[in-house]
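One-letter residues, chain by chain:
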Amino acid sequence: MRRAFSVSLLRSNPLLLSHSSGNSAVVALDNHYYFNSSSSCCCTTFTSTFHVYAISHFSTNPNPFKPNSTFPYSSNPTHARLKQLLLEKSKTGFDKLDDALVVFDKMLHIKPLLPVINFNQLLAALVKMKEHSVAVSLFKDMCVKGIPVDLFTFNTAINCFCHLNRVDYAFSLLAGTIKRGFHPDVVTYNTLIRGLISQDNPAEAQLLFTNLIRFKLIQPDVVTYNTIINGLCKRGHASTAVTLFRYMEKKGCQPDTVTYNTLIDCLCKLRLVDQALGLLHEMTKKGITPNVITYNSLIQGLCDFNRWQDVNQLLSEMNTRNISPDVHTFNILVDAYGKEGMINDAEDVIEFMIQRGQHPDVVTYNALMDGYCLRGEVDKALAVLETTMKRRGIVPDTRSYTILINGYCKKLKVDRAVDLFQQLPREGLSPTIYTYNTILQGYFLTGRHVEARNFFKEKMMLNKALTLDNFTCSILLHGLCQNRFVVEALSFFDTMLSAGLIPNICIYNTLIDGLSKNGHLEKARSLFDNLPLKGLRPHVKTYTMMIQAYCHDGLLNDANELFLKMEANGCLPDDVTYNTLIRGFFHNKKYNEAGVLMDEMCARGFSADASTASALLDLLKSQEQNPALLALRKKFLT
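Along each chain, numbering runs from 1 in the same order as the chain's sequence is written. Whole-chain, interface and lining totals are the exception, using all residues; otherwise, since this is a predicted model, local features are given only for residues with pLDDT of at least 70 and side-chain atom pairs are given and counted only at 80 or more. Note that water and hydrogens are dropped before the side-chain values are worked out from all heavy atoms of the structure.

A closer look at the overall build of the protein
Put simply, DSSP marks the helices as runs of H or I at least four residues long and the strands as runs of E at least two long, and each gets a number from the N terminus on. When helices and strands are tallied, the protein shows 34 helices and four strands. The classification of residues rests on relative accessible area computed with a 1.4 Å probe and restricted to protein chains. Under 20% of the type maximum is buried, over 50% is exposed, and intermediate values are partly exposed. Counting over 638 residues, the protein shows a buried share of 48%. The contact criterion used is simple: two residues touch if any of their non-hydrogen atoms lie within 4.5 Å. When contacts within the protein are restricted to residue pairs at least 6 apart in sequence, those whose partners lie at least 24 apart make up 60%. Accessible area for the protein stands at about 31,800 Å²; split by element, carbon and sulfur atoms hold 52% of it. With residues, only the protein chains shown are counted as cover, and all accessible areas are computed by Shrake-Rupley using a 1.4 Å probe.

The following block contains the structure:
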């Protein structure tokens, strides 16, 4: 038996009509109904077979279990105690899942049946416990056993499916909600939009949002707009998010603190801090109160630009508004000071936060350790881990050890780094790919290429739990080429391609540079010429490497031609490019051409670097009477 959704249902809800394309159906199997639908995307098609409702509940008669239905009231003390328990647990969740299941079983056997609100409270408690799959299972049982449900029940089940990354099932329930005679509300659609965005389907979320407005199915509220704006911001589409933000204001939907926080954070991450500060001014002018999240985003953005005076101004403003900095605020400051080598200031921040009653966490001390390592004071960083953190009862994490491992590798103390690496499992910690990469790079930095290659083969390639990334490949290719194992580097590169890893431009740069410096210019040229076929665009460093390779092999015409081509391709040469080609002209006695290029370089605001100036002085010593060189000396060395 197969019964399709009625035409009147589809016509009454144009959103379903636009998305279902007539493919959705309700299929009756074993006296129960199943949703069966298929299409090409989340909003337009969903492939699922989901056991949801008893056959009797899909009657075309008016729904007997609408929210305003009345149920017998009982003064039974068991009812009263159970209702009070459900009310409390709907806000906090049960301590144990078994307790929730026992309560549900008891609710099924109580006569008269408890109202739908109490079943909704039980489902809400399970959601609080993040037991989304269990909540869905109980929802199914409610439908099968004829227990009344309302729109809140459906919304809860839809929300659970979204949390389980099954938005397809959530949309099937949307169809079921309408079939049962309920009208999906703004909460329903907000949940679906959020589900689509969480599954990285922002285009589908925007399409749903657009159709909601086009067909006037709901009046979007601030949560609707915030959800879409958040999805846009996560993908870096700040300008589109701001446009939607202005649209919501125009439509009379007032933004709230969450709206502004989302936009401010996005702008700061895109380094548009002044625009973000403008939004802070705007929100306070409108009477919308910023919170600590607002200021944390702005402080992080300003710290990225070392705008300490503006940071202090914001901290003062927070104090005026009685907004207390939280641990994250202080961690931002510790990290920023540490990166600038201002360790004393970082330590002062930690001391101040302790005085303010805030407890430093592992992130705080990781930032401090990183600051010490950047100054080369790795032993002091180790003391933070072994003494300070231990004294405060803070357990180091993998990042704590990785910071130290990186610090010792940069100090060329690889054996000490390896000791720490081997300590990780004893501390119950698992090294990350970054930890492995650090050790691999450390071996190459110290010239221990045999150990590096063995470490890669035995500890990394054979580790099934480890996913090699582009940085791993770049380290290995660079190390192999530096040690003249070019054939091995090419072999590994081919293995990497066959394994499905997609190299980025940095990997190609590493290989092109290694090949050209080890006498394999034609292979380097072939890789360079094929970059567009790989969907990659060479940048200034790529061009400069090839120009240097051509100059080294005396191919001045090729070098000059590539120099002209790079600008035609929208890649402007930098000072390194100019100096590289000028030295190439010097080396091949093309002094007039070098002079013309030096004039152009200076006109663009660049100057001769130390290597170019030294090369010119050496030429003057050996060929003092060369008129072209004398002219260059007069221009650039006087």
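Structure's up, so let's keep going.
Quick notes on the side chain of Asn118
Assignment of secondary structure puts Asn118 in helix H5 (residues 116-128). For Asn118, a relative accessible area of 4% corresponds to the buried category. Sequence-distant contacts of Asn118, that is, excluding residues within four places in its chain, are made with Lys83, Leu86 and Met107.

Describing the packing of aromatic side chains
To pair, rings of Phe, Tyr and Trp, with the six-membered ring standing in for Trp, must have centres within 6.5 Å; the planes then decide the type, stacked if under 30 degrees apart, edge-to-face if over 60, and tilted in the middle. Tallied over the entire structure, the rule returns 17 aromatic pairs. Aromatic pair Phe104 and Phe119: ring centres 6.4 Å apart, planes at 85 degrees, arrangement edge-to-face. Of this pair, Phe104 sits in helix H4 (residues 97-109) while Phe119 sits in helix H5, and the two are 15 residues apart along the sequence. The exposure classification of Phe104 matches that of Phe119, with both residues buried. When the ring of Phe493 is compared with that of Tyr508, the centres are 5.5 Å apart and the planes differ by 80 degrees; the resulting orientation is edge-to-face. Here Phe493 is found in helix H26 (residues 486-498), whereas its partner Tyr508 is found in helix H27 (residues 505-517), with 15 residues between them in sequence. Residue classification places Tyr508 among the buried residues on the basis of a relative accessible area of 2%. Members of the aromatic cluster, joined through ring pairs, are Phe421, Tyr436, Tyr443 and Phe455.

Describing the pattern of salt bridges
In a structure, side chains of opposite charge can pair up when their charged atoms sit close to one another. The rule for a salt bridge is simple: a side-chain nitrogen of Lys or Arg has to be within 4 Å of a carboxyl oxygen of Asp or Glu. Taken as a whole, this structure holds 21 salt bridges when the rule is applied. Linked through salt bridges whose partners overlap, the residues forming this network are Arg246, Glu249, Glu282 and Lys286.

Side note on the packing of helix H30 (residues 556-568) against helix H31 (residues 575-587)
One can describe the packing of H30 onto H31 by two numbers: an axis separation of 10 Å at closest approach and a directional angle of 160 degrees. In terms of orientation, H30 lies roughly antiparallel with respect to H31. Along this stretch, H30 crosses H31, giving a crossing that reads as left-handed. Residues Leu556, Ala559, Asn560, Phe563 and Met566 of H30 pack against Thr577, Tyr578, Leu581, Gly584 and Phe585 of H31. For this scheme, ten residues count as nonpolar: Ala, Val, Leu, Ile, Met, Phe, Trp, Tyr, Cys and Pro. Four count as charged, namely Asp, Glu, Lys and Arg, and the remainder, Gly too, count as polar. The residue inventory of the contact of H30 with H31, partitioned by class, reads seven nonpolar, three polar and no charged. Structural elements are reduced to axes, namely lines fitted to C-alpha atoms, with helices fitted over the stretch in contact, and the angle between N-to-C directions of any two is expressed from 0 to 180 degrees. Angles are sorted into four bins: roughly parallel if under 35 degrees, roughly antiparallel if over 145, roughly perpendicular if 65 to 115, and oblique for all others. In this scheme the crossing of two helices becomes right-handed for a clockwise turn of the near helix relative to the far one and left-handed for an anticlockwise turn of less than a right angle.

A look at the environment of Val378
Tracing the chain through its elements places Val378 in helix H20 (residues 378-391). Residue classification places Val378 among the buried residues on the basis of a relative accessible area of 3%. Each C-alpha atom, one on Val378 and one on Leu404, is 6.7 Å from the other, the two residues being 26 residues apart in sequence. For Val378, the contacting residues outside a window of four places in its chain are Tyr372, Cys373, Leu404, Gly407, Tyr408 and Lys411.

Digging into the packing of helix H19 (residues 362-374) against helix H21 (residues 398-410)
Interaxial distance between H19 and H21 falls to 9 Å at its minimum, and their mutual angle equals 0 degrees. Between H19 and H21, the angle is such that the two are roughly parallel. Residue-level contacts link Val362, Asn366, Met369, Asp370 and Cys373 of H19 to Arg399, Ser400, Ile403, Leu404 and Gly407 of H21.

Re helix H11 (residues 222-234)
Helix span, as expected, comes to 1.5 Å for every residue beyond the first. The end-to-end C-alpha distance of H11 is 18 Å, a good match for the 18 Å that 13 residues give at a rise of 1.5 Å each. Considered for burial, the residues of H11 that qualify are Thr224, Tyr225, Asn226, Thr227, Ile228, Ile229, Gly231, Leu232 and Cys233. Buried residues belonging to H11 abut helix H9 (186-198), helix H10 (202-214), helix H12 (238-250) and helix H13 (257-269). Distance and chemistry together define a polar contact, namely a pair of N or O atoms within 3.5 Å, with one atom able to donate a hydrogen and the other to accept it when in protein, and with adjacent residues in sequence counting only for side-chain atoms on both sides. You can read the cap of H11 off the contacts: a side-chain oxygen lies 3.1 Å from the backbone nitrogen of Val223, and it is on Asp221.

What about a negative patch on the surface?
Residues form patches when they are more than 30% accessible in relative terms and have no salt bridge. Like charges link within 9 Å. Nonpolar side chains (Val, Leu, Ile, Met, Phe, Trp, Tyr) link within 5 Å. In this tally, Lys and Arg are treated as positive and Asp and Glu as negative; His is ignored, and so are the chain termini. Note that the charge is assigned to NZ on lysines, CZ on arginines, CG on aspartates and CD on glutamates. A cluster of like negative charges, contributed by Asp345, Glu347, Asp348 and Glu351, occupies part of the molecular surface. As for its position among the elements, Glu347 is in helix H18 (residues 343-355). Judged by relative accessible area, Glu347 falls into the partly exposed class, the value being 32%.

Shape is all these values report; function is a separate question.
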